[in-house]
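What the coordinates show
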Amino acid sequence: MANSGFEDGRGQEEETFLYFAYGSNLLTERIHLRNPSAAFCCVARLKVICMGAKENGLPLEYQEKLKAIQPNDYKGKVSEEIEDIIKKGEIQTR
């Protein structure tokens, strides 16, 4: 399992992975049913999730399903890292 770089509450890095939730999986109680140690990291954008799926060679069928999700046009704050990823992706697709 890859290390996400996210530190746990004790300040020590653990072996972790990032999971991008949408829909009902945003509900803390629901995600904890299968992953009791899950912890919120940051808000992301669907665009970044799609870019990551493509970059990591996920199956095209899965990528198409991600692209079919209607975004909610969230305009609030996301992490600077996410904003940088979005800007990079916009530059590469031009």
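Residues numbered from 1 in each chain as written. Predicted model: local features only at pLDDT ≥ 70, side-chain atom pairs only at ≥ 80, totals over all residues. Heavy atoms only, no water.

**Quick word on the UniProt feature "binding site: substrate" (unreviewed entry) in the protein chain**
UniProt tags Y19, F20, A21, Y22, G23 and S24 as "binding site: substrate" (unreviewed entry). Inspection of the secondary structure assignment puts Y19 in the segment before α1 (28-34). Here F20 is to be found in the segment before α1. In this structure F20 comes out as partly exposed when scored by relative accessible area, which is 35%. Every residue in contact with F20, bar those within four places of it in the chain, is listed here: A44 and I49. (UniProt positions renumbered as here; feature names shortened; annotations may be inferred. Helix = DSSP H or I, 4+ residues; strand = E, 2+ residues; numbered from the N terminus. Buried < 20%, exposed > 50% of the residue type's maximum accessible area, 1.4 Å probe, protein only. Contact = heavy atoms within 4.5 Å.)

**A few points about the environment of C50**
Mapped onto the elements, C50 comes out in helix α2 (residues 46-55). Here the alpha-carbon distance between C50 and Q63, two residues 13 residues apart in the chain, equals 6.6 Å. Look past the residues within four positions of C50 in its chain and what remains in contact with it is L66 and K67.

**Things to note about the pattern of salt bridges**
If you walk through the whole model with that rule in mind, you get 2 salt bridges. Across the pair K65 and E61 runs a salt bridge whose closest N-O atoms are separated by 3.6 Å. Placement of both K65 and E61 in helix α3 (residues 60-68) is noted, with a separation of 4 residues, approximately one turn of the helix. The partner of K67 in a salt bridge is E64, and the shortest N-O contact between them spans 3.7 Å. With K67 and E64 both in helix α3, this residue pair falls 3 residues apart, about one helical turn. What makes E64 partly exposed here is its relative accessible area of 48%. (Salt bridge = Lys/Arg side-chain N within 4 Å of Asp/Glu carboxyl O.)

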